[in-house]
Amino acid sequence: MGAPALKHDVFQAIADPTRRKVLKLLANQDMPIVAISKCFPLSRTAINKHLHILSDAGLVSRERIGRETRYKLKPEPLAEVREWLSFFEAYWDEKLDLLKSYVENDMD
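Residues numbered from 1 in each chain as written. Predicted model: local features only at pLDDT ≥ 70, side-chain atom pairs only at ≥ 80, totals over all residues. Heavy atoms only, no water.

- For the protein, the name recorded in an unreviewed UniProt entry is Metalloregulator ArsR/SmtB family transcription factor, with Paenibacillus enshidis as its organism.

Pasting the structure below:
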């Protein structure tokens, strides 16, 4: 039997700029929701909803330590994004090479 289906996929989770910023914060250290909330002009309830979406996508985990719940980045699902983007690298490289050739030839 495979892994359980996630409620939100990685692409949905990272589509929101607030959630991307949360991921960056958690890349440096595990944090409780109180500390995360202080970095945003949003309510703790709103941040909690973002954390649930990130958790549903497998991007963060929660750990109860005493009376505090700490959130931790789980970057493994981001590999799916990297794989998807790598497909397009050849197109980007080709376009950049054409632009470089155009600019160099135009300067002659």
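Description of the sheet that holds strand β3 (residues 68-73)
No. 1: Taken in spatial order, the three strands make up an open sheet running β1-β3-β2, and their pairing is antiparallel. Edge strands, defined here as strands with exactly one partner in the open sheet, are β1 (31-32) and β2 (60-65).
No. 2: Across six bridges, β2 lies against β3 in antiparallel orientation. Note on β3: the bridge partner recorded for Arg-62 is Tyr-71.
No. 3: Against the sheet, helix α2 (residues 17-28) touches β1, β2 and β3, its axis set at about 95° to β3.
No. 4: Against the sheet, helix α4 (residues 44-56) makes contact with β2 and β3, and its axis sits at roughly 115° relative to β2, the strand it touches most. (Pairing = 2+ DSSP bridges. Helix = DSSP H or I, 4+ residues; strand = E, 2+ residues; numbered from the N terminus. Contact = heavy atoms within 4.5 Å. Axes fitted to C-alpha atoms, helices over the stretch in contact; angles between N-to-C directions.)

Some points on the side chain of Ser-37
No. 1: Mapped onto the fold, Ser-37 is located in helix α3 (residues 33-37).
No. 2: When sequence neighbours within four positions are dropped, the list of residues in contact with Ser-37 reads Leu-42, Arg-44 and Ile-47.

Some words on the packing of aromatic side chains
No. 1: Under the criterion given, the structure shown has three aromatic pairs.
No. 2: Geometrically, the ring pair formed by Phe-11 and Trp-84 is edge-to-face, given 5.8 Å between the ring centres and 70° between the ring planes. Within this pair, whereas Phe-11 is found in helix α1 (residues 10-14), its partner Trp-84 is found in helix α5 (residues 78-106), the two being separated by 73 residues in sequence.
No. 3: Within the aromatic cluster, the residues linked to one another by ring pairs are Phe-11, Trp-84, Phe-87 and Phe-88.
No. 4: For Lys-21, the ring lying beneath its charged end belongs to Phe-40, and the centroid distance is 5.0 Å. (Phe/Tyr/Trp six-rings, centres within 6.5 Å; stacked < 30°, edge-to-face > 60°. Lys NZ or Arg CZ within 6 Å of the ring centre and 35° of its normal.)

Describing the nonpolar core
No. 1: Core analysis: the biggest nonpolar cluster contains 20 residues, and Leu-26, Ile-36 and Leu-59 have the highest contact counts within it.
No. 2: When contributions to this core are tallied by element, the ones reaching two or more residues are α1, α2, α3, α4 and β3.
No. 3: Ignoring any residue separated from it by four or fewer positions in sequence, one finds Ile-36 in contact with Val-22, Leu-26, Met-31, Ile-47, Leu-51 and Tyr-71. (Core = buried A, V, L, I, M, F, W, Y, C linked by side-chain atoms within 4.5 Å. Buried < 20%, exposed > 50% of the residue type's maximum accessible area, 1.4 Å probe, protein only.)

Quick notes on a negative patch on the surface
No. 1: The grouping of Glu-89, Asp-93, Glu-94 and Asp-97 at the surface amounts to a negative patch.
No. 2: Along the chain, Glu-94 falls in helix α5. (Patch = residues over 30% accessible without salt bridge, like charges linked within 9 Å, V, L, I, M, F, W, Y side chains within 5 Å. Areas by Shrake-Rupley, 256 points an atom, 1.4 Å probe, with all protein chains shown as cover. Salt bridge = Lys/Arg side-chain N within 4 Å of Asp/Glu carboxyl O. Lys, Arg positive; Asp, Glu negative; His and termini not counted. Charge placed at Lys NZ, Arg CZ, Asp CG, Glu CD.)

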